[in-house]
Amino acid sequence: EEMISALNLKAKRDGIDGKFSVTAYTCYKQDMDGKKVIYRASSNYRGSEWYDFCLIKFSEVGFYPAKILGFLKYPDKEQMFAAVLCAKYPLTTEEIDESFITTFQLGETEESYDVVPVESIEIPMLAIKSYGEDKIKKYITATPYESWGLYFKQEMKRITKNDNIAKQNAKKKY
């Protein structure tokens, strides 16, 4: 399973040799600006797989889309962690908002797997698998629902401006 791979790779990078134990969880509830957000990561939730996606903040390199593989606690730590598979390249909310819909590709190397504190989860993400390309973990994402109104308002202004320019050009022509 990918979560076990992420844990083993993180342990290897941290110089942990031998056996170690964790308590694993399939969901995590996060308070986000007064709203409860539930993240799930399960191979069998209500009869099928359910792995949520999120935007992870890495302080040194920026924001990366990630598939959440599971949640865990180490016996000697109070903090909750998330095992994740990160995208190949960073992506900011501004980049997503600018184009409304964009794509990202999950990494395929050992470095793409990580275990991060749940506080690194910036926001949940919509992720729709792109079935057009074989064997590539490519996904489509969109601006968060809460931002749709602002996006469409800006688009209407742009369209109105273009319509007005087109009308002025049409008047000059005749």
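Structure report, in brief. (Residues numbered from 1 in each chain as written. Predicted model: local features only at pLDDT ≥ 70, side-chain atom pairs only at ≥ 80, totals over all residues. Heavy atoms only, no water.)

## Focus on the overall build of the protein chain
Secondary structure summary: the protein chain contains three helices and twelve strands in total. Whereas a compact globule of 174 residues would reach a radius of gyration of roughly 16 Å, the protein chain reaches 21 Å, over 25% beyond that. Within the protein chain, the proportion of its 174 residues that are buried is 36%. In the protein chain, the proportion of contacts linking residues at least 24 apart, taken out of those at least 6 apart, comes to 59%. Total accessible area computed for the protein chain in this model is approximately 11,700 Å², and 52% of it derives from carbon and sulfur atoms. For the protein chain, the separation between the mean place of its 26 positive charges and that of its 26 negative charges on side chains is 8 Å. (Helix = DSSP H or I, 4+ residues; strand = E, 2+ residues; numbered from the N terminus. Rg over C-alpha atoms; globule rule 2.2 N^0.38 Å. Buried < 20%, exposed > 50% of the residue type's maximum accessible area, 1.4 Å probe, protein only. Contact = heavy atoms within 4.5 Å. Areas by Shrake-Rupley, 256 points an atom, 1.4 Å probe, with all protein chains shown as cover. Lys, Arg positive; Asp, Glu negative; His and termini not counted. Charge placed at Lys NZ, Arg CZ, Asp CG, Glu CD.)

## A short note on the pairing of strand S8 (residues 101-105)
On S8, burial follows the alternation: Thr102 and Phe104 on one face are buried, whereas Ile101, Thr103 and Gln105 on the facing-out side are not. In terms of strand pairing, S8 meets strand S12 (residues 138-142) through five bridges, oriented antiparallel. What sits directly across from Thr103, in S12, is Ile140. (Pairing = 2+ DSSP bridges.)

## What about the sheet that holds strand S4 (residues 48-51)?
Adjacent strands of a sheet pair through backbone hydrogen bonds, lying either parallel or antiparallel. A sheet is described by the order of its strands in space; here three strands give the open sequence S2-S3-S4, paired in antiparallel fashion. Since the sheet does not close on itself, it has two edges, and those belong to strand S2 (27-32) and S4, each with one partner. Averaged over all pairs of adjacent strands, the angle between strand axes in this sheet comes to 30°, irrespective of strand direction. Sheet topology note: the S2/strand S3 (residues 35-45) ladder contains six bridges and is antiparallel. By the bridge assignment for S3, Gln30 is matched with Val37. (Axes fitted to C-alpha atoms, helices over the stretch in contact; angles between N-to-C directions.)

## Notes on the sheet that holds S12
An order of S8-S12-S11 is seen for the three strands of this open sheet, with the pairing classed as antiparallel. This sheet does not close on itself; its edge strands, each paired only once, are S8 and strand S11 (128-129).

## A short note on empty space enclosed by the protein
Under the criterion given, the structure shown has one cavity of 30 Å³ or more. Taken as a whole, the largest cavity holds about 30 Å³ of empty space. Lining of the largest cavity is provided by Leu7, Lys10, Ala11, Asp14, Ile16, Phe20 and Tyr74. (1 Å grid on protein atoms, 1.4 Å probe; cavity = no way out; pocket = protein on both sides within 12 Å on 5 of 7 lines; lining within 4 Å. Points joined across faces, edges and corners; volume = space filled by probe spheres on them.)

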